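Chain by chain, the residues:
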Amino acid sequence: MNIYVANLSFDLRDEDLKEFFTPYGEVSSAKVIMDKITSRSRGFGFVEMTDDAAGQKAIAELDGKTFQDRAIKVNEAKPKEEKSYGGGGRDRDSRGGSGGGGNYNNANSYNKNRY
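Residues numbered from 1 in each chain as written. Predicted model: local features only at pLDDT ≥ 70, side-chain atom pairs only at ≥ 80, totals over all residues. Heavy atoms only, no water.

## Considering the sheet that holds strand 2 (residues 27-34)
Pairing is antiparallel in the open sheet, where four strands are placed in the order 2-3-1-6. The open sheet has two edge strands, strand 2 and strand 6 (73-76), and neither has a second partner. Strand-to-strand twist in this sheet, taken as the mean axis angle between neighbours without regard to direction, amounts to 20°. Here strand 2 runs beside strand 3 (residues 41-49); their pairing, made up of six bridges, is antiparallel. (Pairing = 2+ DSSP bridges. Helix = DSSP H or I, 4+ residues; strand = E, 2+ residues; numbered from the N terminus. Axes fitted to C-alpha atoms, helices over the stretch in contact; angles between N-to-C directions.)

## Regarding unusual backbone geometry
Trans peptide bonds make up the majority, and among non-glycine residues the majority have a negative phi. If you check the backbone angles, Gln68 has positive phi at about 55° while not being a glycine. Take Gln68: it is sitting in the loop between strand 4 (66-67) and strand 5 (70-71). A relative accessible area of 38% places Gln68 in the partly exposed class. Unusually for a residue other than glycine, Asp69 sits at a positive phi of about 65°. Considering the arrangement of structural elements, one finds Asp69 in the loop between strand 4 and strand 5. (Buried < 20%, exposed > 50% of the residue type's maximum accessible area, 1.4 Å probe, protein only.)

## Considering the environment of Lys73
Tracing the chain through its elements places Lys73 in strand 6. Assessed through its relative accessible area of 40%, Lys73 is described here as partly exposed. Separated by 67 residues in sequence, Lys73 and Ala6 place their C-alpha atoms 4.9 Å apart. Excluding anything up to four places from it in sequence, Lys73 contacts Tyr4, Val5, Ala6 and Asp63. A polar contact of 3.4 Å, which involves the side chain of Lys73, links it to the side chain of Asp63. (Contact = heavy atoms within 4.5 Å. Polar contact = N/O pair within 3.5 Å; in protein donor to acceptor, adjacent residues only side chain to side chain.)

Listed below in structure tokens is the structure:
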């Protein structure tokens, strides 16, 4: 079972998260999501538990608990959604675009000869 954990301390590391969930069952992986630029925690992570019953117990008992002086939020992780790059619902074709999400250097572009 994959578990989403939010409101984590920015100093938290993968090992700390794994240790916190281990009393509830076998943890196959624990990952704190890090910012690529600052290398600091983004404040959330994922824990993968081998047993669904243990995962449900961990969710029930840990949701809202304090961990490193922060009240954490613990839920079953949802599948990652596909990102849409369509431009927020605007019709790009009406502006001469290709509808492909940002093709500003096309045949109708003002700067078509510069590039």
